[in-house]
Amino acid sequence: MSSAKIGLIGLGTMGSALALNIAEKGFPVAVWNRTTARTREFRAEAGDLAARILPTESLAELVAALEKPRAIILMVPAGAATDQQIEALAPLLDPEDLVIDAGNADFHDTNRRAAAGPPMRFLGMGVSGGEEGARHGPSIMGGGDKADWDRVAPILTAIAARAPDGSPCAAWLGEAGAGHFVKAAHNGIEYADMQMIAEIYGVLRDGFEMGADEIAGVFRQWDEGPLKSYLVEITGEVAAAKDPRTGAPMLDVILDSAGQKGTGRWTVVEGARLGAPIPVIEAAVTARDVSARLEERAAGEARFGPAPQPLSGEVSVLEQALIAGKILCYAQGFAMISTASAEFGWSLPSAEIARIWRAGCIIRSAMLDDMAEALEGAPERNLILDPAFAARLEADLPALRRVVASAALHGLAAPALSAGLFWFDQMRTKRGTANLIQAQRDYFGAHGFQRLDGGPEKHGPWAKPANEI
Ligand code: NDP
């Protein structure tokens, strides 16, 4: 093989899988890794696909191995490592060559890199689906110049997951950091989806006092219905699994303290910056932070006693509550995407985003089909106001209320489900309570307020006369 269609830097978990995927789809790929031994090992393990893999041992060799204009995918840790690779490549590339950052970059970094302009072209590309997705079909969220995307689109669409209708889960979403922003929003929703499932698992385990096998059965059954999704499916698998060492359910031997790499937190910070309410995602990120405080939680239980008290009820109510929570969470996520789109001038295509999340990525689910349809007709409308989703909410919200209320009464923590419910109750209340907030702000800070009757007075009778200290 004399030259490759595309190059790839970083043969870690994701890069190796992506390179094999590219080769499998018929595109010769040149690869380079910082640690050369890994490059050799990778090619040796590539089996039949090795014929389409060109291993290189220097960046100059990688660049020389590529068809012009060149395209190189970076699959290295976000941040400094990505900057170092871009800097190292810059003197070796021509202005029309393209670097595609497929790592989990902060979209502000992608904006900065895109704005830095030549020496070469630059795309920021969010990739979701973990190792399995990268190997057999991820969801790909592209950002940068459309012309650059179009150049590599044949390869990217070929390696992407296929939705149930056969369409590829890869799309150009907008300029500069648009792709990486949508990837962060995806990860925020992923945190929220996982947290709501975990809260329902908590009700089943501590409220209904079910064992792991029984819980596995519940999730497996739900995966046949409206909640059909990758996360519900793997929850069933995880709950059914046994620890090879002790024979106990795996879930019962795993510490209840979850880590995070930061993309969920980025989403929360961005939501706050944009003034876009995403309380379910916030609750999910906070719940992981709380989970890490093991000693404090143990001290809390020692002082106040174990909180969870058994409760009884229909499992179907929990299913309905999870459906409602999921709709509310996605309504917030898509509303945030819409706000960011306006703020950054991106024209993010909400329906297309829902479509490319239908397969390949961690949050893939049957419900995204309906969401894509709803957003197609009215991309700016909040999902809760879509007629079909409004009807589903009307049917399932009473269950969410019952679950949140019962959880509160029985001391079961359900922060994400509660956050969804209370956001909804604010969103369906025309006259809320911010009149009092306005009055308070005016009282202590003379910030002024607007009147319902449009009257001219901007301050209350509590305002101090100008001559009073
Ligand atoms: P790994 O840790 O498995 O691999 C990292 C790769 O980057 C290795 O090839 C490593 O080379 C290389 N690398 C590390 N530091 C540098 C550096 N300073 N300069 C050059 N190369 C470097 O990570 P992943 O494959 O999991 O992740 C890669 C990217 O993909 C990250 O941005 C991650 O956030 C993103 N991502 C990961 C997902 C996942 O599920 N794991 C999902 C979606 C995106 P060496 O062999 O020399 O150490």
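Summary of the structure given here. (Residues numbered from 1 in each chain as written. Predicted model: local features only at pLDDT ≥ 70, side-chain atom pairs only at ≥ 80, totals over all residues. Heavy atoms only, no water.)

### A short note on the overall build of the protein
Helix and strand counts for the protein come out as 20 helices and eight strands. Taking 469 residues into account, the globule formula puts the C-alpha radius of gyration at 23 Å, and the protein, at 25 Å, falls close to it. In terms of its C-alpha atoms, the protein occupies a principal-axis envelope of roughly 80 × 70 × 45 Å. Going through the 469 residues of the protein one by one, you find that 50% of them count as buried. Partitioning the contacts of the protein with sequence separation of at least 6, the portion at a separation of at least 24 is 68%. Looking at the protein as shown, the accessible area adds up to about 21800 Å², and 54% of this sits on carbon and sulfur atoms. (Helix = DSSP H or I, 4+ residues; strand = E, 2+ residues; numbered from the N terminus. Rg over C-alpha atoms; globule rule 2.2 N^0.38 Å. Buried < 20%, exposed > 50% of the residue type's maximum accessible area, 1.4 Å probe, protein only. Contact = heavy atoms within 4.5 Å. Areas by Shrake-Rupley, 256 points an atom, 1.4 Å probe, with all protein chains shown as cover.)

### Regarding the site of the ligand
What surrounds the ligand is a group of 20 residues, the closest being T13, M14, N33, T35 and V76. Within the backbone of G12, an N or O atom sits 3.1 Å from an oxygen atom of the ligand. Protein burial of the ligand: of its 910 Å² of free accessible surface, 76% is covered by the chains. Those elements that provide at least two residues to the shell around the ligand are α1 (13-24) and α4 (80-89). In terms of residue count, α4 provides more of the shell around the ligand than any other element does, three residues in total. Of the residues in the shell around the ligand, the class split is eight nonpolar, 10 polar and two charged. (Near = heavy atom within 4 Å. Polar contact = N/O pair within 3.5 Å; in protein donor to acceptor, adjacent residues only side chain to side chain. Nonpolar A, V, L, I, M, F, W, Y, C, P; charged D, E, K, R; others polar.)

### Examining the pattern of salt bridges
Scanning the model with the defined rule gives 34 salt bridges in all. Close ionic contact of D97 with R70 constitutes a salt bridge, the shortest N to O distance being 2.6 Å. Taken as a pair, D97 in the loop between α4 and β5 (98-101) and R70 in the loop between α3 (59-64) and β4 (71-74) lie far apart in primary sequence, 27 residues in all. With a relative accessible area of 0%, D97 lands in the buried category. R401 is paired through a salt bridge with D425; the nearest N and O atoms lie 2.7 Å apart. Linking R401 in helix α18 (residues 387-410) with D425 in helix α19 (residues 415-427), this pair joins segments that are 24 residues apart in sequence. (Salt bridge = Lys/Arg side-chain N within 4 Å of Asp/Glu carboxyl O.)

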